[in-house]
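# Observations on the three-dimensional arrangement
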Amino acid sequence: MPKDTIKHDPSCADDYDAQSKSVEQARASIKQLISPIKDTEKLALRDSLNRVLAQPVISPIEVPSHTNSAMDGYAMAGNDLPDGEKATTKNYQVIGKAFAGNPYEGSCESGQVIRIMTGAVMPEGCDTVIMQEHVERVERVEGVEGVEGVEGVDTDKGITQIKIGSNHKAGQNVRQAGEDIALGSDVLNVGRRLTPADLGVIASLGISEVAVIRRPRIAFFSTGDELKSVGETLGKGDIYDSNRYTLFGMLKRLNVDIIDMGVIVDDPQILKQTFLSAASMADVIITSGGVSVGEADYIKDILDEIGDCDFWKIAMKPGRPLTFGSIENTLFFGLPGNPVSVMATFYQFVQPALHYLASGTVKYPLTIQANCLTSLRKRAGRFEFQRGIYQQEENGEISVQKTGQQGSGILTSMSQANCFILLPVEMTQLEAGEKVLIQPFDSFI
Ligand code: AMP
Ligand code: MG
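Once a new chain begins, its residue numbering starts again from 1 and follows that chain's sequence as written. As a convention, the first chain written is A and the first ligand written is 1, with the rest following in written order. Given that this is a predicted model, residues contribute local features only at a pLDDT of at least 70 and side-chain atom pairs are listed and counted only at 80 or more, while totals for whole chains, interfaces and linings are drawn from all residues. Where side-chain values are given, they derive from all heavy atoms of the structure, hydrogens and water being excluded.

### Structural notes on the layout of surface pockets
- Buriedness for pockets is judged along seven lines, at least five of which must meet protein on both sides within 12 Å for an open set on the 1 Å grid over protein atoms alone, while cavities are sets there where a 1.4 Å probe fits but cannot get out, and lining residues have an atom within 4 Å of a point. Grid points are joined across faces, edges and corners, and a volume is the space filled by probe spheres set on the points. What the largest pocket holds in volume is close to 480 Å³.
- Forming the walls of the largest pocket are 32 residues, and the residues nearest its centre are P336, G337, N338, P339 and S341.
- When contributions to the lining of the largest pocket are tallied by element, the ones reaching two or more residues are β13 (217-223), β15 (239-240), β19 (316-317) and α6 (339-359).
- Here the residues of the lining of the largest pocket are counted per class, giving 10 nonpolar, 14 polar and eight charged.
- By volume, the second largest pocket is sized at about 340 Å³.
- As for the second largest pocket, its lining consists of 18 residues, and the residues nearest its centre are L254, Q351, H355, K363 and I445.
- We call Asp, Glu, Lys and Arg charged. Ala, Val, Leu, Ile, Met, Phe, Trp, Tyr, Cys and Pro are nonpolar, and the rest, Gly among them, are polar. Classifying every residue of the lining of the second largest pocket gives 10 nonpolar, five polar and three charged. What counts as a helix is a DSSP run of H or I of at least four residues, what counts as a strand is a run of E of at least two, and both are numbered from the N terminus.

### Topic: the nonpolar core
- To define a nonpolar core, start from buried Ala, Val, Leu, Ile, Met, Phe, Trp, Tyr and Cys residues and group those joined through side-chain atoms within 4.5 Å. Only protein chains enter the calculation, and the probe is 1.4 Å; a residue is then buried if its accessible area is under 20% of its type maximum, exposed if over 50%, and partly exposed in between. Counting 45 residues, the largest nonpolar core has I286, L335, F346 and F420 as its most contacted members.
- In terms of residue count, α6 provides more of this core than any other element does, 12 residues in total.
- Contacts were defined at the residue level, with two residues in contact if any of their heavy atoms lie within 4.5 Å. For F420, the residues in contact, after removing those within four places along its chain, are A344, Y347, Q348, F385, Q386, R387, M414, L437, I438, Q439, F441 and F444.
- With 16 residues, the next largest nonpolar core counts A278, A279, I285 and I327 among its residues.

### Observations regarding the sheet that holds strand β9 (residues 160-164)
- Between any two strands, at least two bridges found by DSSP are needed for them to pair. Within the open sheet, the six strands sit side by side as β7-β4-β6-β5-β9-β8. Their pairing is mixed. In this open sheet, the two strands that pair with only one neighbour each are β7 (128-131) and β8 (135-138). The sheet shows a mean angle of 40° between the axes of neighbouring strands, direction not considered.
- With four bridges connecting them, strand β5 (residues 90-98) and strand β6 (residues 112-116) associate as parallel partners. By the bridge assignment for β6, A98 is matched with I116. The axes used here are C-alpha line fits, helices contributing only the stretch in contact, and every angle between their N-to-C directions lies in the interval 0 to 180 degrees.

### Overview of the environment of G262
- Mapped onto the fold, G262 is located in strand β16 (residues 257-264).
- Taking C-alpha positions, G262 is 21 Å from I306, a pair spaced 44 residues apart along the chain.
- Not counting residues up to four positions away in its chain, the partners in contact with G262 are F220, F221, S222 and R244.

### Thoughts on the side chain of D266
- Examined against the element boundaries, D266 turns out to sit in the loop between β16 and α4 (268-281).
- Charged-residue counts in this description rest on Lys and Arg as positive and Asp and Glu as negative, His and the chain ends being excluded. One speaks of a salt bridge when a side-chain nitrogen belonging to Lys or Arg is within 4 Å of a carboxyl oxygen belonging to Asp or Glu. In this structure, D266 is buried with no salt-bridge partner, the nearest side chain bearing the opposite charge being K228 at 11 Å.
- For D266, the residues in contact, after removing those within four places along its chain, are T223, G224, D225, E226, L271, A296 and Y298.

### Observations regarding the packing of aromatic side chains
- Each Phe, Tyr or Trp ring (for Trp, its six-membered ring) is paired with any other whose centre lies within 6.5 Å, and the angle between the two planes then decides the class: stacked below 30 degrees, edge-to-face above 60, tilted in between. Enumeration according to the criterion identifies 12 aromatic pairs in this entry.
- Ring centres of F221 and F275 lie 6.1 Å apart, and the angle between their planes is 45°; this geometry places the pair in the tilted category. Highlighted residues: F221 in strand β13 and F275 in helix α4, separated in sequence by 54 residues. One exposure class covers both F221 and F275, and it is buried.
- Here the aromatic rings of F420 and F441 are separated by 5.0 Å at their centres, their planes lie at 75°, and the arrangement is edge-to-face.

### Thoughts on helix α1 (residues 23-33)
- Listing the buried residues of α1 in full gives V23, A26, R27, S29 and I30. All buried residues of α1 fall inside an arc of 165° around its axis, so they share one side. Our arc is simply the arc of the directions from the helix axis toward the C-beta atoms.

### Structural notes on the side chain of E384
- Mapped onto the elements, E384 comes out in strand β24 (residues 383-392).
- A relative accessible area of 5% places E384 in the buried class.
- At a separation of 2.9 Å, a polar atom in the side chain of E384 contacts the side chain of R382.
- Ignoring sequence-local partners within four residues, the contact set of E384 consists of K317, R377, K378, R379, I421, L422 and L423. Polar contacts here mean pairs of N or O atoms no more than 3.5 Å apart (in protein, one a potential hydrogen donor and the other a potential acceptor; neighbouring residues in sequence count only if both atoms are side-chain atoms).

### Brief notes about the confidence of the model for the protein
- Confidence in the prediction for the protein averages 91 pLDDT; 91% of positions are at 70 or higher.
- Below a pLDDT of 50 lies the segment residues 141-158, which in the model reaches 34 contacts outside its immediate sequence neighbourhood of four places, other chains included. pLDDT is a per-residue confidence score from the predictor, ranging from 0 to 100.

### Some details on the state of the cysteines
- A pair of sulfur atoms, both from cysteines and within 2.5 Å, is called a disulfide here. Summed over all chains, the structure comprises zero disulfides.
- The cysteine C419 is free of any disulfide, with C372 supplying the nearest cysteine sulfur at 9.3 Å.

Written out as structure tokens, the structure is:
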């Protein structure tokens, strides 16, 4: 007699759903629905760090503005160098000094050099600098005024002589005007997130204010009757709301304005009101919980009713299912309730979406290769983001091993980990010693 079966006995195919989207398809669908923010504001240069440029920075000057010395040494005319073919040396008269911010005003003739410091404007008639380490000082020179008994050139007497050898090239050790930035050139483009180096570059152009895109406003809340906020007492079956804290932390690191709307109970009317009020304030709403097929999971239905609901199953773990859509002009991300799923879906979908919304440029998490020290198992049919710890070995290579338990509710696995280990959809096992791709968490900032 065959054993009794029911239509939906557990099977390996449970995690496979022909309707689900791949991570790439989900990203592409999300991107399609986003119109990058266009509103701009003017900010003082220091306040623009990490902000997104709304207008290109075009150079109003040449940088450097004058041709200057790249070394401490002696400036001279390149065509007055000793003859390299004959390997000769030649003596030159030092006729003056040039400092950064204090140029030499005269010109330099054949047989003459000018003592010059790094950054000093090249004197007239000079196009070449000989490093001071490459000259010999001629200490006593007959018949030259002011040099008798003077040691070297660093005296106030000023005039002395030096000897230069033949291994020099005309034009050496000189920074040309405009060699870093030419007049009128595009220095930084629209959509660029300004780095510390960018602030320096903009300052080097003498620009004190920049036009940037306004920051996106993000409203977020947790949903669930079981959730208590920190400071409240837990009743039977209650848990503390941790998602609002991980979301806060992940958002805080980005350049966004945050609106924390607290914990909302699983009540369709209250949820609907909260959706509408969040949509009136924010560019993006992020919720956690209530996106599954349980009886208290209302998020998808409410989004369908008052907005557009795009999809809700992704072939990934953790992170399935996820709701994405919009309420008028506000984007909506309904993340799963499980704490690890919240972080995984935030990093894979929400953060890239916020980046695109804020800048119009695309940036997905950095992926690098590592040697996997532990063997890994998974089911086919879904992309897995296992939690790992990577480190750089003495030979410079990156190795990775998985953290302990991998359940979607085990938030400490995220806290112990410093990267996701990426296991492609069709893979079922990876042996220790094989290569694997990882996403370091520290690149998510
Ligand atoms: P749900 O998607 O609402 O069914 O939630 C899935 C699981 O995640 C349940 O065990 C919830 O109790 C848990 N969960 C939901 N929201 C939170 C939250 N804000 N903080 C911690 N755990 C949560
Ligand atoms: Mg729930």
